[in-house]
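Structural description and commentary
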Amino acid sequence: MHDIVSKGISHGIYIVTVRTKNTINGMTAALISQVSFHPLMLMVSVAPERYTHGLIKESGYFAINTLAENQKDIVKHFGFKSGRKIDKFKGISYFDAPNGSPVLSEAIAFFECRLADTFKAGDHTLFIGEVVTAKLLKSDIQPMIFRRGDFFLVPSYLQNQNIFRRDFLYLFQKYFILPHQR
Ligand SMILES: Cc1cc2nc3c(=O)[nH]c(=O)nc-3n(C[C@H](O)[C@H](O)[C@H](O)COP(=O)(O)O)c2cc1C
């Protein structure tokens, strides 16, 4: 069923950033949605194994950074390595939102959220944030759409073989669904 979801449900793709007393970090997230108009609320679904998960709980604030179509390198930078092992902000230009969440200077928009609620949803936690600051940093630029094939590629020699589905799901789950602690 995962492959059908990937064809039938579309997402944007964002960098969720956070500051605690001791550190800053960010991770790529596709599982993000607006969930309320009044108050304006956004939701990000984060696996408990992500370093960012504990940092958001500790901080009480997080920011959602919107990327443009041509910023796949940033998606990979924040999405394939954990902040437990490296400083993902090294060499990355950013500024602070009013409550301290780091905002990527390259983002086309950002939303700083106060953590309002959390819910367990299967193997993820839903963080519901009330938007306290929202800014469009670059107008007339379309936000990036998440196409799984852009980030979870299956080698072409496997694509017409029976193992394609299994291999795709393996790669997809390794990097996206199942926890990874690299
Ligand atoms: C395209 C893409 C989308 C992702 N979306 C999510 C997501 O919505 N939720 C999640 O928990 N992890 C998601 N991930 C995985 C995290 O970004 C990844 O595990 C990251 O290394 C976690 O970093 P951290 O340990 O520093 O928090 C995604 C990864 C990629 C490449």
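Report on the accompanying structure. On a predicted model such as this, the values are computed, not experimentally measured, just so you know.

1. Brief notes about the overall build of the protein chain
Scanning the protein chain from terminus to terminus reveals 5 helices and 11 strands. Out of the 182 residues belonging to the protein chain, those deemed buried represent 28%. Within the protein chain, contacts between residues at least 6 apart in sequence are counted, and of these 66% link residues at least 24 apart.

2. Focus: the site of the ligand
Near the ligand there are 24 residues, and of these Leu31, Thr52, Gly79, Ser82 and Gly83 occur at the shortest range. Contributions of two or more residues to the shell around the ligand are made by strand E3 (24-29), strand E5 (41-46), helix H2 (51-59), helix H3 (72-79) and helix H5 (163-177). Taken together, the residues that form the shell around the ligand break down as 13 nonpolar, 8 polar and 3 charged.

3. Some points on H2
Those residues of H2 that fall on the buried side of the exposure criterion are Thr52, Leu55, Ile56 and Ser59. Buried residues along H2 cover an arc of 100 degrees about the axis, so they all sit on one side. Residues of H2 that are buried make contact with strand E2 (14-19), E3, E5, strand E6 (61-66), strand E9 (109-121) and strand E10 (124-136). Count one or two residues on from H2 and you reach Gly60, which has phi positive near 85 degrees.

Each value, and the rule that gives it
- Residues numbered from 1 in each chain as written.
- Predicted model: local features only at pLDDT ≥ 70, side-chain atom pairs only at ≥ 80, totals over all residues.
- Helix = DSSP H or I, 4+ residues; strand = E, 2+ residues; numbered from the N terminus.
- Buried ≥ 20, exposed ≤ 12 C-beta atoms within 10 Å, placed from the backbone.
- Contact = placed C-beta atoms within 7 Å.
- Near = placed C-beta within 6 Å.
- Nonpolar A, V, L, I, M, F, W, Y, C, P; charged D, E, K, R; others polar.
- Arc of directions from axis to C-beta.

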